[in-house]
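# Structural features, examined
Spelled out from the first residue to the last, the chains are:
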Amino acid sequence: MSTPPIQGPRRCAIYTRKSTTAGLEKDFTTLDAQREACGAFIRSQVHAGWVELDERYDDGGFTGANLERPAFQRLMQDIEAGLIDLVIVYKIDRLSRSLLDFARVMERLTKHGTGLVSVTQNFSTTDAMGRLTLNMLMSFAEYEREMIAERTRDKIAAARRRGKWTGGLLPLGYRLEDGKLVIEEDEALIVRELFSLYLETRSLVHVVEQLRDRGRKTKAYVSKNGNVRSAKAWTKQSVLRVLRNPVMAGQIHSNGAFFP
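A brief report on the enclosed structure follows. Note that residues are indexed from 1 along each chain, following the sequence as it is written. A pLDDT threshold of at least 70 governs which residues receive local features in this predicted model, and a stricter bar of 80 or more applies before side-chain atom pairs are shown or counted, although totals over entire chains, interfaces and linings include all residues. Only hydrogens and water are set aside when side-chain values are computed; all heavy atoms of the structure are taken into account.

## Digging into helix α1 (residues 30–44)
A run of DSSP states H or I qualifies as a helix once it reaches four residues; a run of E qualifies as a strand once it reaches two. Both are numbered from the N-terminal end. By this rule the span expected of a helix is its residue count minus one, scaled by 1.5 Å. When the terminal C-alpha atoms of α1 are compared, their 21 Å separation across 15 residues agrees well with the 21 Å that a helix rising 1.5 Å per residue should span. For α1, every residue scored as buried is listed here: L31, D32, Q34, R35, C38, G39, F41 and I42. On its buried face, α1 sits against β1 (10–18), β2 (50–52), β3 (57–60), β4 (86–89) and β5 (115–118). Its side-chain oxygen placed 3.2 Å from the backbone nitrogen of L31, T29 serves as the N-cap of α1. The buried label goes to any residue with under 20% of its type's maximum accessible area, the exposed label to any with over 50%, and the partly exposed label to all in between, with areas taken from a 1.4 Å probe on protein chains only. We call two residues in contact when some of their heavy atoms are within 4.5 Å. Counting of polar contacts relies on pairs of N or O atoms within 3.5 Å, with two restrictions inside protein: one atom must be capable of donating a hydrogen and the other of accepting it, and residues adjacent in sequence are counted only when both atoms are side-chain atoms.

This is the structure:
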């Protein structure tokens, strides 16, 4: 590997990332393992003036598919402040899995004279061959991410063809049991009432007025993180969403077709 020319101390910032939070409670985590490997590599380059910075840039539980990560944002701020000469990562995909995002990051690094080094892939952006290899690796990383997304979409489509619920906000009139939609009778009464009112007059305004007069509300939701979205008064838009939802008729939509 070609190391950067010696121009005084090279201030090295180690960046680590893990996509999930699993295992982060342990005494020695994946982030620690990445940091240890990067630190050892920096020490092997002490003859070239490399110095490890004390500041930690660790993102645990953040995807590499975007740049919305707190430690990464701090890293970029310190780079733009002129505090970092080299960013050291265990593997390139720890920095980013998106080729477009990576290109933007490299533009910012280049603008501020900061290099990037991967300790397990044996290259540096300070030489032409390293930059070429880097772009090739990022292309494969993005290809892998797109393949995973494609397989996920195929899996969801296959589940829908079998009539299975694949997630999202539960529609009014249903609750989830063991991954299946089960009719919630109290709410189902409102659904039947809504359809009956619409069939009488074909007027959304009439349905809204009647539901409000009778004290009916939309469905309340509790998100995975515990946030509550309260039930609200009906509007034309919320009524229309129910009328147009095929799940109300026991159908699920997938790729232009409906399945029971």
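## Let's talk about a nonpolar patch on the surface
Judged by side-chain polarity, M129, L132 and M136 come together as a nonpolar surface patch covering roughly 320 Å² of accessible area. Mapped onto the elements, L132 comes out in helix α4 (residues 128–161). Judged by its relative accessible area of 46%, L132 falls in the partly exposed class. For patch building, the residue pool is restricted to those with more than 30% relative accessible area and no salt bridge; the joining distance is 9 Å between like charges and 5 Å between nonpolar side chains (Val, Leu, Ile, Met, Phe, Trp, Tyr). Each accessible area is a Shrake-Rupley estimate made with a 1.4 Å probe; only the visible protein chains count as cover when residues are assessed. A carboxyl oxygen of Asp or Glu within 4 Å of a side-chain nitrogen of Lys or Arg is what we treat as a salt bridge.

## Examining the packing of aromatic side chains
Centre distance within 6.5 Å is the pairing criterion for rings of Phe, Tyr and Trp, where only the six-membered ring of Trp is used; planes under 30 degrees apart are then read as stacked, over 60 as edge-to-face, and the remainder as tilted. In total, this model carries two aromatic pairs according to the counting rule given. Here Y15 and F72 contribute two aromatic rings whose centre-to-centre distance is 6.0 Å and whose plane-to-plane angle is 75°, an arrangement assigned as edge-to-face. On the criterion of sequence distance, the pair formed by Y15 in strand β1 and F72 in helix α2 (residues 70–80) is long-range, its members being 57 residues apart. Taking the relative accessible area as the measure of exposure, Y15 reaches 0% and is therefore buried. Geometrically, the ring pair formed by F41 and W50 is tilted, given 5.9 Å between the ring centres and 55° between the ring planes.

## Some remarks on the packing of α2 against helix α3 (residues 99–111)
α3 packs onto α2 with a crossing angle of 30° between their chain directions and a minimal axis gap of 9 Å. It follows from the interaxial angle that α2 and α3 lie roughly parallel. Judged by the sense of rotation from one axis to the other, the crossing of α2 with α3 is left-handed. Along its contact with α2, which presents F72, M76, I79 and E80, the element α3 presents V105, R108 and L109. When residues are sorted by character, Ala, Val, Leu, Ile, Met, Phe, Trp, Tyr, Cys and Pro go into the nonpolar class, Asp, Glu, Lys and Arg into the charged class, and all the rest, Gly among them, into the polar class. Considered class by class, the residues forming the contact of α2 with α3 number five nonpolar, no polar and two charged. Note on definitions: angles span 0 to 180 degrees between N-to-C directions of axes, and those axes are lines fitted to C-alpha atoms, for helices only across the stretch in contact. Here the word oblique covers every angle except those under 35 degrees (roughly parallel), over 145 (roughly antiparallel) and from 65 to 115 (roughly perpendicular). In a left-handed crossing the near helix is turned counterclockwise from the far helix by less than a right angle, and in a right-handed crossing that turn is clockwise.

## Looking at the pairing of β5
Here β5 shows a buried face lined by G115 and V117 and a second buried face lined by L116 and S118. Paired strands, in this sense, are two strands between which DSSP finds at least two bridges. Where β4 lies against β5, four bridges are found, and the strand directions are parallel. Counterpart to I88 in the pairing with β5 is V117. Across two bridges, β5 lies against strand β6 (residues 123–124) in antiparallel orientation. Its bridge partner being in β6, V117 is matched across the sheet by S124. Taken together, β5 and the strand that follows it, β6, pair antiparallel across an intervening segment of four residues, in which N122 is found at a positive phi of about 55°.

## Remarks on a positive patch on the surface
Residues R161, R162, K164 and K180 make up a contiguous surface patch of positive charge. Following the sequence through the fold, K164 ends up in the loop between α4 and β7 (174–177). Residue classification places K164 among the partly exposed residues on the basis of a relative accessible area of 40%. We count Lys and Arg on the positive side and Asp and Glu on the negative side, and we leave His and both chain ends out. Charge positions are represented by NZ for Lys, CZ for Arg, CG for Asp and CD for Glu.

## A few points about the pattern of salt bridges
For the coordinates displayed, the defined rule picks out 16 salt bridges. Two residues, E193 and R216, come together in a salt bridge whose shortest N-O distance is 2.7 Å. Here R216 lies in the loop between α6 (204–213) and β9 (221–222) and E193 lies in helix α5 (residues 185–201), a separation of 23 residues in the sequence. Exposure remark for R216: the relative accessible area of 31% places this residue in the partly exposed category. Bridged by salt links that share partners, the residues D32, R35, E52, R56 and D58 form one connected network.

## Observations regarding the nonpolar core
Ranked by size, the top nonpolar core spans 20 residues in total, and within it Y15, F72, L75, V87, L109 and L116 carry the most contacts. Breaking this core down by element, the ones donating at least two residues are β1, α2, β4 and α3. Take this core: its biggest share by element is five residues, from α2. Those residues in contact with V87 that sit more than four places away from it in its chain are A13, Y15, L75, I79, L109, T114, G115, L116 and V117. Residues I190, V207, W234 and V242 belong to the second largest nonpolar core, which totals 13 residues. Put simply, a nonpolar core is a bunch of buried Ala, Val, Leu, Ile, Met, Phe, Trp, Tyr and Cys residues held in one set by side-chain atoms that sit within 4.5 Å of each other.

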